[in-house]
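For reference, the chains in residue letters:
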Amino acid sequence: MDEKLQSLQIGALLHDIGKLLQRSGGIFFNEEDFKNKKMSHSAYGYGFVKRLLLDDKWDISKCVMYHHKDHIERIKDKIKPEDLCYIVYEADNIAAGADRRTNDEIDPKDAIFEREAPLESIFNILKTKNTDTKIDKAYYLRTLEEGKEFNYPVNKTKCNATKACYQKIESILNQHLKDDKLNEIKGMPINKDTLNSLLQILEATTTYIPSDTSTGNLADISLYDHLKLTSAIASCMYIYFEEKGIKEYKNICYNNPKREEPYFLLVSGDLSGVQDFIYTISSKGALKSLRARSFYLDILLEHIADEILEKLELSRANLIYTGGGHFYMLLPNTEKTNELLKLAEEKINQWFINKYGITLYLALAWEPCCSYDFMLNITDKREEFKKRTSKDVFRSVSEKLSQKKLQRYTPEQLQKLLDPDSDINTIPKKNNFRECNICHTSQGDLDKYTNPQKPDEIIFENICLNCLNLYKFGKELVFKAEETDPKVITVRYYIPVRKDKAFIELPSLDETVRIMTIEKAGWIKKDSKEHSENKYVRLYTKNKWMTGLKLSTNLWMGDYNKEPEKLDKEGQKSLIEFEELANKSIGIKRLAVMRADVDNLGMAFVSGFDDKYGTLSRYTTLSRQLSLFFKHYINRVCKTNIYGTGNENPGNFSITGKDSEEIKNTAKNIVIVYSGGDDVFIVGAWNDILDFAVDLRRAFKQFTNDKLTFSAGIGFFNHSFPIYQMANMTGKLEDKAKEYPDKEKPDKDAVALFGLDKHSSISHVYSWEEFETGVYEKLKFFLDRFVKPSDDNSIGELELSTSFLYKLNHLLEDEITEGEYSINLARLAYLMARVESDNREIFKQIKTWALESTDQKQLLTAINLLIYLFREADKEKEKYSKDHHKMEVN
């Protein structure tokens, strides 16, 4: 291990930590050294690091104290040309120079800072089809883990970052360091364990602290994002210098910085085959298998990124973004890195072929880039070089990635794949010439899995070990935040595990085998003391910082699941099953599946920022914010918790018409199957899925300053319907929503409900606003006037006969021709006359709606929802096939 490199990464990661301490008015660590109370943030940071590190072999404290020109100039004769602080100085210039509109080298004495300026929203300057106006919103100053509320961007004047707020965060930072014993690195070699621990602590405490508060600059880059990027840049430069034999950094980083040198590689990785891998399962234990497969792919991508980073001795600071089957990394442009990336692509894809055939494929692409590519506002000598921006670099690596997907395999791999007699294509005799019934591959041994409680009951037949373990993993994936001994995901070298323990193999970049298991944290700590520690490659925690565990990395994951009320067939209480979810529905006992993703996200990245703002930091910040929403905050939406700090509350939605306050913090009967960087797959009781969908849209609208939207398909199914068909049909509904209102000129920001009529004449597709103000208001008209409240918590009693609703539904449907809506008023009048209650008001209102095609279409959807709400469970089978075949698939 290169201890000097590890020290550089820590020095760069802490170089601006003094900004937090300066703004909090933190204690002076050495009164003799710092008698001037207007001392710089560098001096505050120096004192902090000197207290933290007794053993400072590679001058980490110098990196913190001397990363600005004025400080270096004062004592430059005492700094050696080989000191790491010169690399941190230039890395800070590159990272900060990309975001500041003024000269970063201005004398701090002349700069004007707004001490209480809050972190501004990255969405303020994002230009989208929805709106391209600049908005002036900012975040309350708090830690990422603090409170249960969303930290929505609000009017900038409402959320000053006060000294008291900074003091609270400083206290939490110190508590983290104390509790997690990071200061044990005193007297110890600096290594990746302490580095990644520190990275997580900084994420927890500095995510909502602005990096720059000087007037004239945007304050939309957090201190965390700036520290992380500076560390990534510095480490790339160091490794590049090492390969070139450069040992003195003063000239190349300070006197005459070589900003045209291609120090960096922007690396993009994309995992193909995700949909096929997740949804190719049977309906037995569907949720366990679905959750496990989705979770496995998340860990798989993180693991691959970590394998690459660890081979280069880099921390996760160099991992710019991961989510949705995709990652970006900033790596050094060296021969070793280029060879490693080629090796990784070949070895991992060979492992996929051996394990899953051609279902999964990893594409890797990389693009060399220089400092100038990230420094739009730097003008010195800039005109001498080809003008290129961060946007151009991302576009170039994206084009290379697309090309890789068209040419997937090496000639040797292709030869084996095309050879019908190769071991890849031959079904072994030992399996009786059969494939696994789930993944449809034949390489592994096949077995059957019986119910541990009832050995004669076969749950799976002809199942490979990997699919069986994925199913078992699904039962272990219930992580509870309140557990005193929480679960941890381990990646370890292969060792024999007990027979009933689920383990899954993972690829590696060397010849050793990796396996993943789930263990209790207490057991891991005990096991680490009793056995050799190096059998653990790394540990991951889910939605929980546990930085005291060496190698542990927290991963944000949308993992909400409604706890089951009864034991499963194997006598365990793990994940709820489809049937129980469906039975929790109001009215008709149906599942709903929701698939959604963000509209025009690729366009937002390509052209969302003006050239002067399109920097690496802003792309990183935008990606991280979206990841936080879909991997972290989404769990709160599932609990009907969408209110935010400072009483910001978009208001909860209820298809039954309940008041927002009445249902706040009510856990929904839904399960997140998958929630990635920008898309979701969620299943649950049909009415809860509808409520959740609108809540998620309201929260997302406020979270993004109404700059981004998402479209969704929501299908309704019997609980026994094949899951792959649910996924497929709901995906088609999502496509319909993406095409709304017209395939040629879609506005998107829409939702498609129910199913697709066989004649394609009825389409329950609406913009979200139209659904809330049109469909829902018509539904509420019936709920307010024709539902008698009950004494219990049920929806109440409908005072209209379901027979009338069915006839009205058929009347509305029968008058639709090729998507054009009309109404036969004589038939409507006759139908109204047969209603037992006073029909004047309803007739008048329905007539008004029926005469306008848009209103009539909304009315039809509202009637369908009303029928769903009051369909009696014992009459479903009798009525269903006759009356609602067009709405869904039974």
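Model, not experiment: these values are computed from the prediction.

Undergrad: Please clarify how the sheet that holds strand E16 (residues 679–685) should be interpreted in this entry.
TA: Strand pairing in a sheet takes place through backbone hydrogen bonds and is either antiparallel or parallel in direction. The strand order across the open sheet built from 6 strands is E15-E16-E14-E17-E18-E19, with neighbouring strands paired in mixed fashion. With partners counted over all chains shown, the strands left at the sheet margins are strand E15 (670–675) and strand E19 (765–767), one partner each. Direction aside, neighbouring strands of the sheet carry axes that sit 15 degrees apart on average. Both E15 and E16 contribute to a ladder of 5 bridges, which runs antiparallel. Its bridge partner being in E16, Tyr674 is matched across the sheet by Phe681. This element, helix H28 (residues 853–870), spans strand E17 (710–717), strand E18 (750–754) and E19 of the sheet and lies at about 50 degrees to E18.

Undergrad: Which parts of the structure should I look at to understand the sheet that holds strand E13 (residues 552–555)?
TA: Across the sheet, 5 strands lie side by side as E10-E11-E9-E12-E13; this open sheet has mixed pairing. The outermost strands of the open sheet, each flanked by one partner alone, are strand E10 (504–506) and E13. Across the sheet, the axes of successive neighbouring strands diverge by a mean angle of 35 degrees, strand direction being ignored. As judged from the 4 bridges shared by strand E9 (residues 487–493) and strand E12 (residues 536–542), these two strands associate in the antiparallel manner. If you follow Ile489 over to E12, its bridge partner there is Tyr540.

Undergrad: Where do I start with the packing of aromatic side chains in this structure?
TA: All told, the structure shown has 42 aromatic pairs when counted by the stated rule. Centre to centre, the rings of Trp686 and Tyr868 are 5.2 Å apart; their planes meet at 90 degrees, and the pair counts as edge-to-face. Pair noted here: Trp686 is in helix H22 (residues 686–703) and Tyr868 is in helix H28, with a separation of 182 residues, a long-range link. Note on Phe717 and Phe721: the rings are 5.6 Å apart at their centroids and 15 degrees apart in plane angle, and the pair reads as stacked. Neither residue differs from the other here; Phe717 and Phe721 are each classed as buried. Members of the aromatic cluster, joined through ring pairs, are Phe123, Phe150, Tyr152, Phe629, Phe630, Tyr633, Phe700, Phe703, Phe710 and Trp768. Its end group placed over the ring of Phe277, Arg293 keeps NZ or CZ at 4.7 Å from the ring centre. Across from the ring centre of Tyr766, 4.7 Å away, lies the NZ or CZ of Lys857, which sits over that ring.

Undergrad: Which parts of the structure should I look at to understand unusual backbone geometry?
TA: Keep in mind that most residues, glycine aside, have a negative phi and that most peptide bonds are trans. With an omega dihedral of 0 degrees, the bond running from Tyr740 to Pro741 counts as a cis peptide bond. Within the chain, Asn705 stands out as a residue other than glycine whose phi angle is a positive 60 degrees. Here Asn705 is to be found in the loop between H22 and E17. A relative accessible area of 5% means that Asn705 is categorised as buried.

Undergrad: Would you mind showing me how to read the pairing of E17 here?
TA: On any regular strand, side chains alternate: one points to one face of the sheet, the next to the other face. Of all 8 residues in E17, 8 are buried, a share of seventy percent or more. Burial of the side chains of E17 extends over both faces: Phe710, Ala712, Ile714 and Phe716 are buried on one face and Ser711, Gly713, Gly715 and Phe717 on the other. Across 8 bridges, the pairing between strand E14 (residues 591–598) and E17 is antiparallel. Within E17, the position partnered with Ala596 by the bridge is Ala712. When E17 meets E18, the two strands line up parallel, connected through 4 bridges. When the bridges of E18 are listed, Ile714 appears paired with Leu753. Remark: the E17/helix H23 (residues 723–738)/E18 crossover connection has left-handed handedness.

Undergrad: Looking at this model, I keep getting lost on the confidence of the model for the chain. Mind explaining?
TA: For residues with low pLDDT, the predicted coordinates do not support detailed interpretation. Looking at the chain, pLDDT values average 82 and 82% of them are 70 or higher. Scored below 50 in pLDDT, residues 28–37 makes 13 contacts in the model with residues more than four places away or belonging to other chains. Ignoring residues within four places in sequence, the model shows residues 378–382, a span with pLDDT below 50, making 10 contacts including any to other chains.

Undergrad: For this particular structure, what's the right way to read the packing of helix H12 (residues 286–311) against helix H13 (residues 335–356)?
TA: When two helices pack together, their arrangement is captured by the angle between the axes and the distance separating the axes. Running from N to C, H12 and H13 point in directions that differ by 150 degrees, and their axes come no closer than 10 Å. In terms of their interaxial angle, H12 and H13 are classed as roughly antiparallel. As for the relative orientation of H12 and H13, their crossing is right-handed in sense. When H12 is examined against H13, the residues Tyr296, Leu300, Ile304, Ile308 and Lys311 are found in contact with a partner set consisting of Lys336, Leu340, Leu341, Ala344, Ile348, Trp351, Phe352 and Tyr356. Considering only residue class, the contact of H12 with H13 consists of 11 nonpolar, no polar and 2 charged.

Undergrad: What exactly am I supposed to notice about the environment of Trp58 here?
TA: Within the secondary structure layout, Trp58 lies in the loop between helix H3 (41–52) and helix H4 (60–65). Ignoring any residue separated from it by four or fewer positions in sequence, one finds Trp58 in contact with Glu3, Lys4, Ser7 and Leu84.

Undergrad: Could you clarify how one ought to interpret the side chain of Ser371 in this entry?
TA: Relative to the assigned elements, Ser371 resides in the loop between strand E6 (361–369) and helix H14 (390–406). The exposure class assigned to Ser371 is buried, which follows from its relative accessible area of 0%. Leave out the neighbours within four places in its chain, and Ser371 touches Ile94, Arg259, Glu261, Tyr263 and Phe264.

Undergrad: Mind showing me how you'd approach the packing of helix H25 (residues 802–814) against H28 here?
TA: Relative orientation of the contacting elements H25 and H28 amounts to 150 degrees, with a least axis distance of 10 Å. In terms of their interaxial angle, H25 and H28 are classed as roughly antiparallel. You can see that H25 and H28 cross each other, and the crossing is left-handed. Two secondary-structure elements touch here, H25 through Thr802, Leu805, Tyr806, Leu808, Asn809, Leu812 and Glu813 and H28 through Gln856, Leu859, Leu860, Ile863, Asn864, Leu866, Ile867 and Phe870. Residue classes in the contact of H25 with H28 are distributed as 10 nonpolar, 4 polar and 1 charged.

Basis of the calculations
Residues numbered from 1 in each chain as written. Predicted model: local features only at pLDDT ≥ 70, side-chain atom pairs only at ≥ 80, totals over all residues. Heavy atoms only, no water. Pairing = 2+ DSSP bridges. Helix = DSSP H or I, 4+ residues; strand = E, 2+ residues; numbered from the N terminus. Axes fitted to C-alpha atoms, helices over the stretch in contact; angles between N-to-C directions. Contact = heavy atoms within 4.5 Å. Phe/Tyr/Trp six-rings, centres within 6.5 Å; stacked < 30°, edge-to-face > 60°. Buried < 20%, exposed > 50% of the residue type's maximum accessible area, 1.4 Å probe, protein only. Lys NZ or Arg CZ within 6 Å of the ring centre and 35° of its normal. Right-handed = clockwise from strand over helix to strand, strands pointing away. pLDDT = per-residue confidence, 0-100. Parallel < 35°, antiparallel > 145°, perpendicular 65-115°, else oblique. Left-handed = near helix turned anticlockwise from the far one by under 90°. Nonpolar A, V, L, I, M, F, W, Y, C, P; charged D, E, K, R; others polar.

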